[in-house]
There are 2 protein chains.
Amino acid sequence: MDERAALALIAADLPAAGDDAAVVDGQVLTTDMLHETTDFPDGTTRYTAGWRAVAASLSDVAAMGADATAAVAVYGAPSFRADEVRAFVRGAREVCEAVDAEYVGGDLDGHEEFTVATTALGRVGEAGPVRRSGATPGDALCVTGDLGRSGAALRLFGDDPDRANDLFRFTPRVAAGRALAAHASAMMDSSDGLARSCHQLAAASDCGVVIEADALPVHDAVREVTDGGAAARELATTFGEDFELVVTVPESALDTARDDCPVALTRVGTVTDADAGLTMDDEPLPDRGYTHGDG
Amino acid sequence: MDERAALALIAADLPAAGDDAAVVDGQVLTTDMLHETTDFPDGTTRYTAGWRAVAASLSDVAAMGADATAAVAVYGAPSFRADEVRAFVRGAREVCEAVDAEYVGGDLDGHEEFTVATTALGRVGEAGPVRRSGATPGDALCVTGDLGRSGAALRLFGDDPDRANDLFRFTPRVAAGRALAAHASAMMDSSDGLARSCHQLAAASDCGVVIEADALPVHDAVREVTDGGAAARELATTFGEDFELVVTVPESALDTARDDCPVALTRVGTVTDADAGLTMDDEPLPDRGYTHGDG
């Protein structure tokens, strides 16, 4: 059974699961595990690892339209070198500061493979949590920021590890998520890539989507590591791990949403009836992307 | 650097760390990582693993005297077998139900070694969080329940895995922690064993303790796996992983605390001045116990 099948099985047993984060008593709670083989390429500094691992969980809080309150992490490694542990904690603390949350520590675990488990806590705002399930045909389909940043980073680790580390340390879209909460009909993060995220959002909302490829905001770094065109588009839509927000907004609220959003909000398509399926430039949008836990 | 040294380093960088759980905005948050090599002996069922891993984090919430609200877990394994994943989730859910918390899911991660990361969330009650640092000379030193349960379980896995699994599935002392919050001057859980927990509490409170060995509540199962006497005492004081509460209570509040506590509360000693150090039956109490992450 692959990870997606197992998650579907769990969702059937646990009604509170199945969104980017669970909502309990006005709080949102979400957890992730990242490890060396699949998540931290050779050249990833411990500072970047701490930043990125905590950021991944903060991104799930952002995707619910919630305020980020706090985060914790477990640092699992074969040995605990003072400089590495401190760099990790500094990264974890600084990404929390970047989104007005508090990094409150966690635990250490002797572990053969470098493994990090992170958890973020948030507070639902006045507009309530934004789920994946509210998209309605006619809504504008939008994304924050640029796509393909992490895919580009991965290709840069060999030649330019400093640049790759910089690209890997994304700022979780907490401020954007909070601003969009009042306008969004559905929201999630693009951790599995735009294509797969759209499939998940469409399944939860029982809708389809049409995407215009030319409208996709592709990160500058993607152009550096590809010759553009189809390769750039592939990286921007299916690589994933970008942690931008994928959000649907009623047409009438789009201008206000864009004004309120502290980062670029780009319309990339439109929500359709479920019967129309998912397409990009009239071709079927593949349900392909980053499956967490592969490997 | 061993785990304790690294934790001390982190505590210096992070003022919010250093107790059983962090307190943020009236919530308590705590996380742990357990894995096959060190935490799940051969014969541990996935049901027991789910129960015990989540229980370990709920125990940290209990140690703060807080209500347990919710828990999440990451299930990391080389493959996801439906029966194993479901058994794990059932264990996680049932231990949450046992303490009036909600298990709200989590994540899966493809991982070479079976590894579980758990996080529990709680809410501070009216009496406020109980920290490790409030013990005062003259206070009674008490423990909930019985000591040595997990140590006995570990010796039973070979011969009687059913019994061992039963013993491994402890009920986190959330109800006791909540009841004791109004009376306790300091509290923590005994996850590192009574001896080491007392050293940690004494360091945080700048005090000493005297323990009377005959007063220790030793679990019945310990007598089965040892010939009693010194071996039983050793297992009950230094093996750890029992997740009982170690609590100090002003002498004047002891009877009320015992009446309020829903499980047995046994006085095992007295808080002294720091100069007196830590002793059991006039011998120095070794700072020896379970160091999480060893191995």
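Residues numbered from 1 in each chain as written. Chains lettered and ligands numbered in written order. Predicted model: local features only at pLDDT ≥ 70, side-chain atom pairs only at ≥ 80, totals over all residues. Heavy atoms only, no water.

## Concerning the interface of chain B and chain A
So, step 1. With 50 residues of chain B in contact, the opposing surface of chain A contributes 50 residues.
So, step 2. For the chain B and chain A pair, buried surface summed over both sides reaches about 4700 Å², with 67% attributable to carbon and sulfur atoms.
So, step 3. Broken down residue by residue, the surface that chain B buries against chain A is led by Leu14, Thr31 and Met33 of chain B, which jointly contribute 13%.
So, step 4. Close ionic contact of Arg123 of chain A with Asp25 of chain B constitutes a salt bridge, the shortest N to O distance being 2.4 Å.
So, step 5. Between the two partners, chain B and chain A, sit nine residue pairs in polar contact (both at pLDDT 80 or more).
So, step 6. Looking at the side of chain B that touches chain A, the elements that each hand over two or more residues are α1 (3–13), β1 (22–24), β2 (27–35), β3 (67–77), α4 (82–98), β4 (102–110) and β5 (115–123) of chain B.
So, step 7. When grouped by side-chain class, the residues that make up the side of chain B that touches chain A number 26 nonpolar, eleven polar and 13 charged. (Contact = heavy atoms within 4.5 Å. Buried area = accessible area lost by both parts, 1.4 Å probe. Salt bridge = Lys/Arg side-chain N within 4 Å of Asp/Glu carboxyl O. Polar contact = N/O pair within 3.5 Å; in protein donor to acceptor, adjacent residues only side chain to side chain. Helix = DSSP H or I, 4+ residues; strand = E, 2+ residues; numbered from the N terminus. Nonpolar A, V, L, I, M, F, W, Y, C, P; charged D, E, K, R; others polar.)

## Looking at the state of the cysteines
So, step 1. Applying the stated rule across the entire model yields zero disulfides over all chains.
So, step 2. For Cys142 of chain B, which is in no disulfide, the shortest distance to another cysteine sulfur is to Cys261 of chain B and amounts to 9.2 Å. (Disulfide = S-S within 2.5 Å.)

## A look at the packing of aromatic side chains
Residues and elements named next belong to chain B.
So, step 1. One pass over the structure, following the stated rule, counts 14 aromatic pairs over all chains.
So, step 2. On the numbers, 5.3 Å between centres and 40° between planes, the contact of Phe40 with Phe114 is tilted. Taken together, the positions of Phe40 in the loop between α2 (36–39) and α3 (46–63) and Phe114 in the loop between β4 and β5 put the pair 74 residues apart, joining distant regions of the chain.
So, step 3. The exposure class of Phe40 is buried, given its relative accessible area of 3%. (Phe/Tyr/Trp six-rings, centres within 6.5 Å; stacked < 30°, edge-to-face > 60°. Buried < 20%, exposed > 50% of the residue type's maximum accessible area, 1.4 Å probe, protein only.)

## A look at the sheet that holds β1 of chain B
Picture the strands of a sheet paired through backbone hydrogen bonds; they go either parallel or antiparallel.
All names here are of chain B.
So, step 1. Overall, mixed pairing links the five strands, which are arranged β1-β2-β5-β3-β4 in an open sheet. Each edge of the sheet is formed by a strand with only one pairing partner; in this case those strands are β1 and β4. Ignoring strand direction, the axes of neighbouring strands in this sheet form an average angle of 20°.
So, step 2. Sheet topology note: the β3/β5 ladder contains nine bridges and is antiparallel. Residue pairing for β5: Gly76 is matched across the bridge by Thr115. (Pairing = 2+ DSSP bridges. Axes fitted to C-alpha atoms, helices over the stretch in contact; angles between N-to-C directions.)

## A few points about a negative patch on the surface
So, step 1. On the surface, Glu212, Asp281, Asp282 and Glu283 of chain A cluster together to form a negatively charged patch.
So, step 2. Examined against the element boundaries, Asp282 of chain A turns out to sit in the loop between β11 (278–280) and β12 (283–284). (Patch = residues over 30% accessible without salt bridge, like charges linked within 9 Å, V, L, I, M, F, W, Y side chains within 5 Å. Areas by Shrake-Rupley, 256 points an atom, 1.4 Å probe, with all protein chains shown as cover. Lys, Arg positive; Asp, Glu negative; His and termini not counted. Charge placed at Lys NZ, Arg CZ, Asp CG, Glu CD.)

## What to know about the relation of the copies chain B and chain A
The relation between the two copies of this chain is a rotation about an axis and a shift parallel to it.
So, step 1. Overlaying chain B with chain A gives an RMSD of 0.0 Å, the required rotation being 180° about an axis along which the chain moves by 0.0 Å. One copy is carried onto the other by what is essentially a two-fold rotation axis. Across chain B, the smallest distance between a C-alpha and the rotation axis is recorded for Ala117 of chain B, namely 3.1 Å.
So, step 2. When the interface residues of chain B are mapped onto chain A, 100% of them again fall at the interface, so both copies present the same face. (Least-squares fit on C-alpha atoms with pLDDT ≥ 70 in both.)

## Concerning helix α4 (residues 82–98) of chain A
So, step 1. Between the first and last C-alpha of α4 of chain A there are 24 Å, a value that for 17 residues agrees with the 24 Å anticipated at 1.5 Å per step.
So, step 2. For α4 of chain A, every residue scored as buried is listed here: Glu84, Val85, Ala87, Phe88, Val89, Gly91, Ala92, Val95 and Cys96 of chain A.
So, step 3. The inward-facing, buried residues of α4 of chain A contact α3 (46–63), β3 (67–77), β4 (102–110) and β5 (115–123) of chain A together with α1 of chain B.
So, step 4. Once α4 of chain A finishes, Asp100 of chain A follows within two positions and takes phi at roughly 60°, a positive value. (Expected span 1.5 Å × (residues − 1).)

## Comments concerning the domain arrangement of chain A
Residues and elements named next belong to chain A.
So, step 1. Taken as a whole, chain A is organised into domain 1 (3–123) and domain 2 (140–284).
So, step 2. For domain 1 versus domain 2, the distance between C-alpha centres works out to 21 Å.
So, step 3. Taken residue by residue, the interface counts 27 residues in domain 1 and 21 residues in domain 2.
So, step 4. Interface area, domain 1 with domain 2, both sides summed: about 2100 Å², of which 57% is carbon and sulfur.
So, step 5. Across the domain 1-domain 2 interface, the total number found is two salt bridges.
So, step 6. One salt bridge in this structure joins Glu241 and Arg52, with 3.8 Å as the shortest N-O distance. (Domains from an automatic or database assignment.)

## Regarding the sheet that holds strand β10 (residues 265–273) of chain A
Residue and element names in this part refer to chain A.
So, step 1. One open sheet accounts for seven strands, arranged β7-β9-β6-β10-β8-β11-β12; its pairing is mixed. Looking at which strands have only one partner, the edges of the open sheet turn out to be β7 (186–189) and β12.
So, step 2. As defined by bridge partners, strand β8 (residues 207–211) adjoins β11 across three bridges and the pair is classed as parallel. Among the inter-strand pairings, Ile211 is bridged to a residue of β11, identified as Met280.

## Here we look at the UniProt feature "binding site: Mg(2+) 3" (unreviewed entry) in chain A
Residues and elements named next belong to chain A.
So, step 1. UniProt records the feature "binding site: Mg(2+) 3" (unreviewed entry) at Asp20, Asp60 and Asp189, using the numbering of this structure. Taken along the chain, the residues just named run across 170 residues; in space they keep tight, none of their C-alpha pairs more than 7.5 Å apart.
So, step 2. Considering the arrangement of structural elements, one finds Asp60 in helix α3.
So, step 3. Dropping the residues within four chain positions of it, Asp60 is found in contact with Asp20, Ala21, Thr30, Asp32 and Asp189.
So, step 4. A polar side-chain atom of Asp60 sits 3.1 Å from a polar atom in the side chain of Thr30. (UniProt positions renumbered as here; feature names shortened; annotations may be inferred.)

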